[in-house]
Amino acid sequence: MHWGMVIDLRRCVGCHACTVACQIENNLPLGETWNKVLTVGPEGDFPLLVSHFFPRPCMHCEDAPCVDGCPTGASQKRPDGIIIVDGERCIGCKFCMLVCPYGVRQFEADKGIVQKCHLCYERLEQGEMPRCVETCQLKARHVGDLDDPGSEVAALLKQANARPLYPHLGTKPSVYYIFP
Amino acid sequence: MEDKQAIWGRLAAGYFFCAALGAMVFAVIAFLDIISSPLDGKASGTGSFLGLAVAGLGGLLLLAELGNKKRFLLVFSRMQSIMTKGALFLACFIVLAAIYTSFWFDIFPWAGANAGRRVIGFLGIIFAVALVMYPGLELGEARGRSFWNGSALVPLWLTAALTSGLAGVILVAAVTGASIAPAIALLDKILLALIVTKVILIAAYIMGMRRAAPEEARRSVATLLSGSLKNIFWWGIVVCGHIIPCFLYFGGSGAGILAIKSLFVLAGEACLRAAFLQAGVRVSLPGEDNEWYQEEEIAVLAARLEQTWQERAAWLNGK
């Protein structure tokens with residue numbers, strides 16, 4: 001079992017509903033986002049300008065630098081591939097933030113710990129979808145078992161030539177993008 | 001898109017500087033002690049105490065950097081992590097340096113036991129070198145920050161640490177009146193060689209990053225040479241840390257000149273740590289160059305919005 005996500009950038013319209021849904025689900029303060037949507041472009045020469053949106057959750061890397069570097073074991077990789085942070089063990093050294101090449105980790109100053117997207121693993125265990133996947137009205141996000149060749153995400157990986165972000169860094173992300 | 005690394009700030013830079021300075025001051029004094037080179041006991045005692053105190057200060061800065069200080073002992077709980085190894089090196093070094101320093105003060109009954117002191121000094125040197133080397137490897141683990149190349153940072157920071165250690169010992173000798181010792185004259189010459197070596201290493205590091213490294217490393221170099229860190233680089237590292245100390249070699253070897261030279265070298269070292277730490281920007285993600293507002297700017301805007309709301313509320317309530 002290896003949970004993964006495929007994000008179809010051709011479908012994302014940058015409504016930020018996933019960002020807000022994630023904030024509500026995890027009771028995050030207004031300025032903290034575990035699931036930011038970036039705007040790429042506009043690129044090209046007028047009038048032939050193109051633009052798309054780029055959601056950035058945690059990549060849940062197989063070879064996660066944050067897990068390797070954590071001095072307390074607070075950053076952990078679950079058997080199902082999801083990277084979580086044990087808030088009771090985190091000392092807030094921010095080394096994981098420093099080594100994460102995707103900049104997805106957030107320091108919660110009031111608690112003095114680092115937190116991030118955990119792919120709503122509690123919802124997944126109950127058979128529900130992560131809140132961002134459930135909220136996305138344009139079906140840009142898909143979550144499933146990357147090890148199961150019959151899963152929707154495995155099919156998308158094959159059909160749509162989905163690829164991870166910056167594979168050359170060697171982190172082996174579990175989030176794949178279908179680029180426009 | 002990051003214009004400078006802001007996750008680890010002044011406290012971390014201060015820790016790297018203090019740990020390197022303290023460790024290498026201790027290492028130089030313990031080494032002179034082991035080879036029985038003449039440096040008077042007062043300078044050795046004061047120097048090893050200074051090394052201990054500065055490394056201890058570094059440890060406190062590291063502690064202050066933590067978000068959750070009460071749980072700091074957990075940092076020793078995962079030996080696979082380079083941070084855990086670093087914390088262990090620091091703790092062992094402080095213990096050994098404290099024992100070593102106690103040998104120099106008559107209030108302890110074991111003071112003057114040369115053999116024991118030298119054994120502890122030798123062990124302390126091992127941990128001092130490890131303490132100086134690990135930060136380069138630690139920063140090298142950040143795969144998205146190519147400017148921090150572990151294998152190139154380690155020799156650079158080791159040389160820089162040794163330079164600051166020698167400067168620290170020379171400063172102590174100048175203050176305690178031991179600057180006429182032959183060992184200090186030799187250390188002063190070694191310091192000049194290290195300053196020149198460091199210039200070469202820094203230039204090679206920056207030129208290598210500028211030519212061969214990924215986009216974010218070139219961005220880091222641009223930040224250092226002509227961006228937001230240009231003042232700390234040119235004035236702090238180049239002028240204070242290298243050019244002025246080299247010119248001061250023409251001023252003789254009086255205690256005052258030695259002390260001023262050492263202070264300039266130490267200021268340059270502090271700038272080197274701070275600048276290289278801040279210059280390690282992360283690889284930019286698609287669309288991050290559109291992130292116009294930095295967190296501080298957002299905070300200012302939010303405060304202004306809140307103030308406007310309060311003014312409107314006060315106006316509506318007729319106040």
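(A) Molecular detail of the packing of aromatic side chains. All names here are of chain B. Under the criterion given, the structure shown has 18 aromatic pairs over all chains. Ring centres 5.5 Å apart and planes at 55° place the aromatic pair Y205 and F276 in the tilted group. Within this pair, whereas Y205 is found in helix α6 (residues 182–212), its partner F276 is found in helix α9 (residues 255–279), the two being separated by 71 residues in sequence. In this structure, Y205 and F276 share a single accessibility class: buried.

(B) Spatial organisation of the sheet that holds strand β10 (residues 175–178) of chain A. Residue and element names in this part refer to chain A. Strand order in the open sheet made by the 4 strands is β8-β1-β10-β9, with mixed pairing throughout. Single-partner strands in this sheet number two, and they are β8 (141–145) and β9 (163–164). Where strand β1 (residues 3–8) and β8 come together, 5 bridges link them in antiparallel fashion. Bridged to M5 within β8 is V143. Seen against the sheet, helix α6 (residues 152–159) touches β1, β8 and β10 and runs at an angle of roughly 115° to β8.

(C) Up close: the nonpolar core. Y102(A), W8(B), F147(B), L224(B) and F276(B) are the most contacted members of the largest nonpolar core, which totals 140 residues. With 18 residues, helix α1 (residues 10–34) of chain B is the largest single contributor of residues to this core. Among the domains, domain 1 (1–57 + 117–164) and domain 2 (62–116) of chain A are the pair contributing at least three residues each to this core. Within the second largest apolar cluster, 7 residues are counted, among which are L146(A), L156(A), A162(A) and I178(A).

(D) Representation of α6(B) within the structure. Residue and element names in this part refer to chain B. Here α6 contains 31 residues, and its C-alpha end-to-end distance of 45 Å stays within 8% of the 45 Å for a straight helix at 1.5 Å per residue. Residues of α6 that are buried: A183, I184, L187, D188, L191, L194, I195, K198, I202, Y205, I206 and M209. Summarising the contacts, the buried residues of α6 are in contact with α1, α5 (150–176), α7 (215–226), α8 (230–248) and α9.

(E) Geometry of the interface of chain B and chain A. The interface is formed by 35 residues belonging to chain B together with 41 residues belonging to chain A. Taking both partners together, chain B and chain A bury about 3,000 Å²; carbon and sulfur atoms supply 57% of that area. The interface formed by chain B and chain A includes 3 salt bridges. A salt bridge links E65(B) to K94(A); its shortest N-O distance comes to 3.6 Å. Here chain B and chain A share 19 residue pairs in polar contact (both at pLDDT 80 or more) between them. Breaking the side of chain B that touches chain A down by element, the ones donating at least two residues are α3 (82–102) and α4 (114–140) of chain B. A per-element tally of the side of chain B that touches chain A places α3(B) first, with 3 residues. Residue composition of the side of chain B that touches chain A, grouped by class: 14 nonpolar, 11 polar and 10 charged.

Conventions and cut-offs
- Residue positions within a chain follow its written sequence, with the count starting from 1.
- Key to labels: chains lettered from A, ligands numbered from 1, both in the order written.
- Per-residue local features of the predicted model are confined to residues with pLDDT of at least 70, and side-chain atom pairs are confined, for both listing and counting, to 80 or more; whole-chain, interface and lining totals are unaffected and use all residues.
- Heavy atoms throughout the structure, all of them, feed into the side-chain values; hydrogens and water do not.
- Only rings of Phe, Tyr and Trp enter the pairing, Trp through its six-membered ring, and a pair is recorded when the two centres are within 6.5 Å. The plane angle decides the type: under 30 degrees is stacked, over 60 is edge-to-face, the rest tilted.
- Each helix is a run of DSSP H or I of at least 4 residues and each strand a run of E of at least 2, with the numbering of both proceeding from the N terminus.
- Only protein chains enter the accessibility calculation, which uses a 1.4 Å probe. A residue is then buried if its area is under 20% of the maximum for its type, exposed if over 50%, and partly exposed in between.
- For two strands to be treated as a pair, DSSP must find at least two bridges joining them.
- By definition, residues are in contact when any of their heavy atoms lie within 4.5 Å.
- As a rule, the C-alpha atoms of each element are fitted with a line to give its axis, helices using only the stretch in contact, and angles between N-to-C directions run from 0 to 180 degrees.
- The set of buried Ala, Val, Leu, Ile, Met, Phe, Trp, Tyr and Cys residues whose side-chain atoms join them within 4.5 Å is what this entry labels a nonpolar core.
- Boundary definitions for the domains trace back to an automatic or database domain assignment.
- Take the residue count of a helix, subtract one, and multiply by 1.5 Å to get its expected span.
- Buried area is understood as the total, over both parts, of accessible area removed when two parts are fitted together, assessed with a 1.4 Å probe.
- The rule for a salt bridge is simple: a side-chain nitrogen of Lys or Arg has to be within 4 Å of a carboxyl oxygen of Asp or Glu.
- Polar contacts here mean pairs of N or O atoms no more than 3.5 Å apart (in protein, one a potential hydrogen donor and the other a potential acceptor; neighbouring residues in sequence count only if both atoms are side-chain atoms).
- Following the grouping adopted for this structure description, the nonpolar residues are Ala, Val, Leu, Ile, Met, Phe, Trp, Tyr, Cys and Pro, the charged ones are Asp, Glu, Lys and Arg, and the polar ones are all others, Gly among them.

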